[in-house]
Amino acid sequence: MATVVDSANKEANERTLANKNFTVVFVLGGPGSGKGTQCANIVQHFGYSHLSAGDLLRAEMKSGSENGFMIQDMIKEGKIVPSEVTIKLLERAMLESGNDKFLIDGFPRNEENRAAFEAVTGIEPKFILFFECSEEEMQRRLLSRNQGREDDNIETIKKRFKVYMESSLPVIEYYKAKGKVRKIDAARPILEVFEAVRGCFPRGNIKVNQL
Ligand SMILES: Nc1ncnc2c1ncn2[C@@H]1O[C@H](COP(=O)(O)OP(=O)(O)OP(=O)(O)O)[C@@H](O)[C@H]1O
Ligand SMILES: Nc1ccn([C@@H]2O[C@H](COP(=O)(O)O)[C@@H](O)[C@H]2O)c(=O)n1
Ligand SMILES: [Mg+2]
């Protein structure tokens, strides 16, 4: 017979990622390499949910949360928000999605992000999609993105490139050593990049209406 403790444990479990058996693909690459663009294509074809850490932080910033000003300052400076904040947002989005497979875009951004996510969620990514692109091309794309982002100005872009080189590339190296990185040449036109991306997802994952 189920006890009060059993049902409290069950409820607590439903509010955490424990025992959920979720599939996670981390989508990494420099600022403007095309992560968001390609994630939208993957969602259409393979039924994943797309969670952009940057988008979640921007939504949290605009929600009037107590962390709003801190997040705004960090984004303006191209700095990485403490993992605890970002992981809570990711966890909440995963639990609310109703899906069991996720593209986590722009996360982990540094070693702290990586280790904290693993410790808190116990999730090991299936693989890492890594978009490689030159700074010149990424800068061109960011400066013509026109989405009103406060960090798409040349001063912040330079800071974001520095953080990427110093803090994010080592995370990609970490996963490379584990044989988990699928590197994509992201300097090509969008559809050509997607042709390469497509090859990273097994056919079994194609949505029924795409067959
Ligand atoms: N292969 C491509 N060729 C040309 N332009 C592209 C390509 N991929 C994306 N873009 C454009 O470049 C800009 C940046 O793309 P996107 O927002 O997908 O990058 P991102 O990696 O998510 O950037 P960020 O890290 O800043 O969030 C957008 O305006 C997008 O339309
Ligand atoms: N794991 C992360 C991801 C993002 N940020 C902050 O958001 C900015 C924008 O991120 P995009 O992926 O949308 O480019 C980024 O420069 C960081 O300030 C973060 O702190 N941690
Ligand atoms: Mg993006």
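Residues numbered from 1 in each chain as written. Chains lettered and ligands numbered in written order. Predicted model: local features only at pLDDT ≥ 70, side-chain atom pairs only at ≥ 80, totals over all residues. Heavy atoms only, no water.

**Structural notes on the packing of helix H3 (residues 53-62) against helix H5 (residues 83-97)**
- Where H3 contacts H5, the two axes come as close as 10 Å, and the packing angle between them is 100°. One finds that H3 runs roughly perpendicular with respect to H5. From H3, Ala 53, Leu 56, Leu 57 and Glu 60 reach across to H5, where they touch Val 85, Thr 86, Leu 89, Leu 90, Arg 92 and Ala 93.
- Looking at side-chain class alone, the contact of H3 with H5 contains seven nonpolar, one polar and two charged residues. (Axes fitted to C-alpha atoms, helices over the stretch in contact; angles between N-to-C directions. Helix = DSSP H or I, 4+ residues; strand = E, 2+ residues; numbered from the N terminus. Parallel < 35°, antiparallel > 145°, perpendicular 65-115°, else oblique. Contact = heavy atoms within 4.5 Å. Nonpolar A, V, L, I, M, F, W, Y, C, P; charged D, E, K, R; others polar.)

**With respect to the UniProt feature "binding site: a ribonucleoside 5'-phosphate" (unreviewed entry) in the protein chain**
- According to UniProt, the "binding site: a ribonucleoside 5'-phosphate" (unreviewed entry) feature falls on Arg 58, Lys 79, Ile 80, Val 81, Gly 106, Phe 107, Pro 108, Arg 109, Arg 149 and Arg 160. Those annotated residues lining the largest pocket are, specifically, Arg 58, Lys 79, Ile 80, Val 81, Gly 106, Phe 107, Pro 108, Arg 109, Arg 149 and Arg 160.
- Take Val 81: it is sitting in the loop between helix H4 (68-77) and H5.
- Among all residues touching Val 81, those that are not within four sequence positions of it are Leu 57, Met 70, Met 74, Thr 86 and Asn 113.
- Along the polypeptide, Phe 107 turns up in the loop between strand S3 (101-105) and helix H6 (111-121).
- Assessed through its relative accessible area of 0%, Phe 107 is described here as buried. (UniProt positions renumbered as here; feature names shortened; annotations may be inferred. 1 Å grid on protein atoms, 1.4 Å probe; cavity = no way out; pocket = protein on both sides within 12 Å on 5 of 7 lines; lining within 4 Å. Buried < 20%, exposed > 50% of the residue type's maximum accessible area, 1.4 Å probe, protein only.)

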